[in-house]
Amino acid sequence: MEVKELRRKLIKDFGKFIEDDSKLELLESVFDAINHDEKESTVSDSHYNIVAEEREKYLSGEVEASSWEEAEKRLNTKYGF
């Protein structure tokens, strides 16, 4: 959908929404979510870097990984899950 068409559609839809009091609160929460600044991640950049490095090792074949089925089998054997 082109921008102009989308703009016209949204204007029409907003007209319907603002006439319905029950939808006003929902619409306000959508706008709040859009305008809300994202909180800083609790995960540090160094952790993201470690994950990226390990992923590269895995993708290059440098490190082998187990399938979920193999990991589940080992957990079941070790812990009796």
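Residues numbered from 1 in each chain as written. Predicted model: local features only at pLDDT ≥ 70, side-chain atom pairs only at ≥ 80, totals over all residues. Heavy atoms only, no water.

(A) Focus on the overall build of the protein chain. Within the protein chain, the secondary structure is distributed over four helices and zero strands. Shown N-terminal to C-terminal, the secondary structure of the protein chain runs as helices and strands in the order α-α-α-α. By the compact-globule yardstick of 12 Å for 81 residues, the protein chain is too spread out, its C-alpha radius of gyration being 24 Å. Dimensions of the protein chain, computed from C-alpha atoms along their principal axes, come out at roughly 60 × 30 × 30 Å. With 81 residues in all, the protein chain has 4% of them scored as buried. For the protein chain, the exposed area adds up to about 8,100 Å²; of that, 54% sits on carbon and sulfur atoms. Each charge class in the protein chain was averaged separately, 13 positive and 21 negative side chains, and the resulting centres sit 6 Å apart. (Helix = DSSP H or I, 4+ residues; strand = E, 2+ residues; numbered from the N terminus. Rg over C-alpha atoms; globule rule 2.2 N^0.38 Å. Buried < 20%, exposed > 50% of the residue type's maximum accessible area, 1.4 Å probe, protein only. Areas by Shrake-Rupley, 256 points an atom, 1.4 Å probe, with all protein chains shown as cover. Lys, Arg positive; Asp, Glu negative; His and termini not counted. Charge placed at Lys NZ, Arg CZ, Asp CG, Glu CD.)

(B) Representation of the pattern of salt bridges in the model. A full pass over the atoms with the stated rule returns three salt bridges. Two residues, Asp13 and Lys9, come together in a salt bridge whose shortest N-O distance is 2.7 Å. With Asp13 and Lys9 both in helix H1 (residues 3-19) and four residues apart, the pair spans about one turn of that helix. (Salt bridge = Lys/Arg side-chain N within 4 Å of Asp/Glu carboxyl O.)

(C) A look at helix H3 (residues 45-60). Between the first and last C-alpha of H3 there are 22 Å, a value that for 16 residues agrees with the 22 Å anticipated at 1.5 Å per step. Note on H3: the residue one or two positions beyond its end, Gly61, has a positive phi of about 90°. (Expected span 1.5 Å × (residues − 1).)

(D) Focus on a nonpolar patch on the surface. Among the surface-exposed residues, Leu26, Val30, Phe31 and Ile34 lie close enough to one another that they form a single nonpolar patch of about 380 Å² accessible area. The topology assignment puts Leu26 in helix H2 (residues 21-35). (Patch = residues over 30% accessible without salt bridge, like charges linked within 9 Å, V, L, I, M, F, W, Y side chains within 5 Å.)

(E) Here's a closer look at the packing of H1 against H2. Running from N to C, H1 and H2 point in directions that differ by 120°, and their axes come no closer than 6 Å. With respect to their mutual orientation, H1 and H2 come out oblique. Of the residues in H2, those in contact with Phe14, Phe17, Ile18 and Glu19 of H1 are Asp21, Lys23, Leu24, Leu27 and Phe31. The class makeup of the residues in the contact of H1 with H2 is six nonpolar, no polar and three charged. (Axes fitted to C-alpha atoms, helices over the stretch in contact; angles between N-to-C directions. Parallel < 35°, antiparallel > 145°, perpendicular 65-115°, else oblique. Contact = heavy atoms within 4.5 Å. Nonpolar A, V, L, I, M, F, W, Y, C, P; charged D, E, K, R; others polar.)

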